[in-house]
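If you want the building blocks of each chain, they are given just below.
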Amino acid sequence: MLSRYKLVALAACLMVSPAVADPKDYLDKADAWFAEDQAKRVAANILSFQSDLGGWPKNENTTENPYQGDRRSLEPTYDNGATTDELRFLARMYTATNDATYQTAFNLGLDYIFQGQYPNGGWPQRYPSGNGYHRHITFNDNAMVRLMEFVRQVATDEGYAFVDAARRTAAADAFDRGITCILQCQIEVDDQLTAWCAQHDEIDFSPRPARSYELASLSGSESVGIARLLVSIDDPSPEIVQAVEGAVAWFVQAKLTGIRVVEEQDEEGPDGLNRVVVVDAQAPPLWARFYEIESNQPIFADRDGVPKSTLADIGYERRNGYSWYGRWPQKLLETEYPEWKQRVNVKTVVEQISDVRPDGSALLQNYPNPFNSNTTIEYQIDTLVFVELQIYDALGKKIRTLIDEQQRPGHYRLQWDGRTDGGVVVGSGVYMYRLVAGAYRETLRLSLIR
């Protein structure tokens, strides 16, 4: 009987024992905690996992116990959340204790991040990158986005005031070059900016595959993290604005409705469950993890790398062992993007495609028409003049001002994303767009189909 009670008590202890903590789980603690003995023990464990190159391995518990293996086997990486949160922890430790051990380790880790960045601004999955897919510019699992968020913090956050000026300047430069790389990588289809692949070629920025079932494609998941990073920039350039607008338009276009992913009982399956896609008109929207670049249709693959058009077409192991669907862009579309539009007072990106003085002013028919997410409007003006181009609903109410500025003679092109000045998505219907350029007046109709 006593043994039985001991077992019950042991089971109860196991049930309430705290979960293993990652470095990030400690970052919300008060500054004073980082001067305590418990923090120093955690820091010692983290330091024991730091490789001689400066980074940390992935999928390791770096906080609970010290590393006991051969240090030569430590493989540092930027993947799966490795390295950045360990560095954030060490920064807190140095600020709290002024112990140079933490500063030295932090600088070594920060330099490891700098060393891995390509001259074009991209980062591989790890450094040294090797010859496999790890060498590609890696957005997969938000690896590059996390690195960029970190170097921006180092460059601008007061918590990194202890970092020398040269490294903080290098961090700011690393972030700027990363943004340039992101803009270069954005995939253009039929002259329209869309999304990003999870990996891009480190030389020519083209979309590249990774593991056999991760094909070169448009990513419905990783592209969200990239768009969020661009939206977080306080004073975006016209190129950044154009990239965000293109990505958001693609998210809207790639939205999947009327389906739901469920797990059904499957006695023949190894785990007794099977993931299936069912029809459900009331289901919230979903996005696929991967889309074929040209057709923009969801694609799936087994470990043989052969693309399939439905989840049911691939085998049990990959069908149930990977995140093929999700709601990744939903918050971005519903709240973050509209707030960004209001916060930065985004102006429409206007491209002057010719500076040759035309014979007269003209407003051209939009294309495509009807359209679903974005439509292109072109016009020309024959003299230096103040230009207004506005969108009106069917009742004649002005809902969007696209242009309100003086322009030189030439041929111009811009896009309307089907939103109001406040960033609100408008519904299907017929709308009017009106050009006023000096004495010239013209109004045309366009059709939006959601």
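Structure: above.
Here is a short report on the structure shown in this document. (Residues numbered from 1 in each chain as written. Predicted model: local features only at pLDDT ≥ 70, side-chain atom pairs only at ≥ 80, totals over all residues. Heavy atoms only, no water.)

**Overview of a negative patch on the surface**
At step 1: A cluster of acidic side chains, namely E188, D190, D191 and E294, defines a negative patch on the protein surface.
At step 2: One can find D190 in the loop between β2 (188–189) and β3 (192–193). (Patch = residues over 30% accessible without salt bridge, like charges linked within 9 Å, V, L, I, M, F, W, Y side chains within 5 Å. Areas by Shrake-Rupley, 256 points an atom, 1.4 Å probe, with all protein chains shown as cover. Salt bridge = Lys/Arg side-chain N within 4 Å of Asp/Glu carboxyl O. Lys, Arg positive; Asp, Glu negative; His and termini not counted. Charge placed at Lys NZ, Arg CZ, Asp CG, Glu CD. Helix = DSSP H or I, 4+ residues; strand = E, 2+ residues; numbered from the N terminus.)

**Thoughts on the packing of aromatic side chains**
What characterises a pair of aromatic rings is the spacing of the ring centres plus the angle enclosed by the ring planes.
At step 1: Applying the stated criterion across every chain, the model contains 26 aromatic pairs.
At step 2: Between F290 and Y322, the aromatic rings sit 6.2 Å apart at their centres with planes inclined by 25°, giving stacked as the arrangement. With a gap of 32 residues between them, F290 in strand β9 (residues 290–291) and Y322 in the loop between α9 (316–320) and β12 (325–326) connect regions that are remote in the sequence. Taken individually, F290 and Y322 each receive the classification buried, so the pair is uniform in this respect.
At step 3: Here the aromatic residues Y213, F290, F300, Y322, W324 and Y325 are joined through ring pairs into a cluster of three or more.
At step 4: Here the basic side chain of K29 rests over the ring of W33, its NZ or CZ set 5.2 Å away from the ring centre. (Phe/Tyr/Trp six-rings, centres within 6.5 Å; stacked < 30°, edge-to-face > 60°. Buried < 20%, exposed > 50% of the residue type's maximum accessible area, 1.4 Å probe, protein only. Lys NZ or Arg CZ within 6 Å of the ring centre and 35° of its normal.)

**Focus on the packing of helix α4 (residues 100–116) against helix α5 (residues 143–156)**
At step 1: It is at 11 Å that the axes of α4 and α5 come closest, and there the two elements cross at 130°. Regarding the angle of α4 to α5, the classification is oblique. Where α4 crosses over α5, the two elements pack in a sense that is left-handed. Along the contact surface, α4 presents F106, L110, I113 and F114, while α5 presents L147, F150, V151 and V154.
At step 2: Split by residue class, the contact of α4 with α5 holds 8 nonpolar, no polar and no charged. (Axes fitted to C-alpha atoms, helices over the stretch in contact; angles between N-to-C directions. Parallel < 35°, antiparallel > 145°, perpendicular 65-115°, else oblique. Left-handed = near helix turned anticlockwise from the far one by under 90°. Contact = heavy atoms within 4.5 Å. Nonpolar A, V, L, I, M, F, W, Y, C, P; charged D, E, K, R; others polar.)

**Structural notes on the sheet that holds strand β15 (residues 375–381)**
At step 1: Spatial ordering of the open sheet is given by β13-β18-β15-β14, a layout of 4 strands whose pairing is antiparallel. Each end of this open sheet is capped by a strand with a single partner; those strands are β13 (351–354) and β14 (362–363).
At step 2: With 3 bridges connecting them, β13 and strand β18 (residues 410–416) associate as antiparallel partners. Its bridge partner lying in β18, E351 is registered against R413. (Pairing = 2+ DSSP bridges.)

**What about the nonpolar core?**
At step 1: With 93 residues, the main nonpolar core has F89 and F106 as its most contacted residues.
At step 2: At 9 residues, helix α8 (residues 238–254) tops the list of elements feeding residues into this core.
At step 3: Apart from residues lying up to four places away in sequence, F89 is in contact with P23, Y26, L27, W33, F34, A39, V42, A43 and I46.
At step 4: If you look at the next biggest cluster of nonpolar residues, it comprises 23 residues, including I377, I391, L414 and Y431. (Core = buried A, V, L, I, M, F, W, Y, C linked by side-chain atoms within 4.5 Å.)

**Looking at the sheet that holds strand β19 (residues 429–437)**
At step 1: The antiparallel open sheet is built from 4 strands, whose spatial order is β17-β16-β19-β20. Either end of the sheet is taken by a strand with one partner, and the two such strands are β17 (398–407) and β20 (440–448). Going from strand to strand, the sheet's axes swing by 15° on average, the running direction of each strand aside.

**A look at unusual backbone geometry**
Only a minority of non-glycine residues have a phi that is not negative, and only a minority of peptide bonds are not trans.
At step 1: With an omega of -5°, the peptide bond between Y127 and P128 qualifies as cis.
At step 2: The residue P128 is located in the loop between α4 and β1 (137–138) in this model.
At step 3: Cis geometry marks the peptide bond from Y367 to P368, where omega comes out at -10°.
At step 4: Relative to the helices and strands, P368 is located in the loop between β14 and β15.
At step 5: Backbone geometry places N98, a non-glycine residue, at a positive phi of 60°.
At step 6: Tracing the chain through its elements places N98 in the loop between α3 (84–97) and α4.
At step 7: Positive phi, close to 60°, is recorded for N142, a residue that is not glycine.
At step 8: With respect to the helices, strands and loops of the structure, N142 is situated in the loop between β1 and α5.

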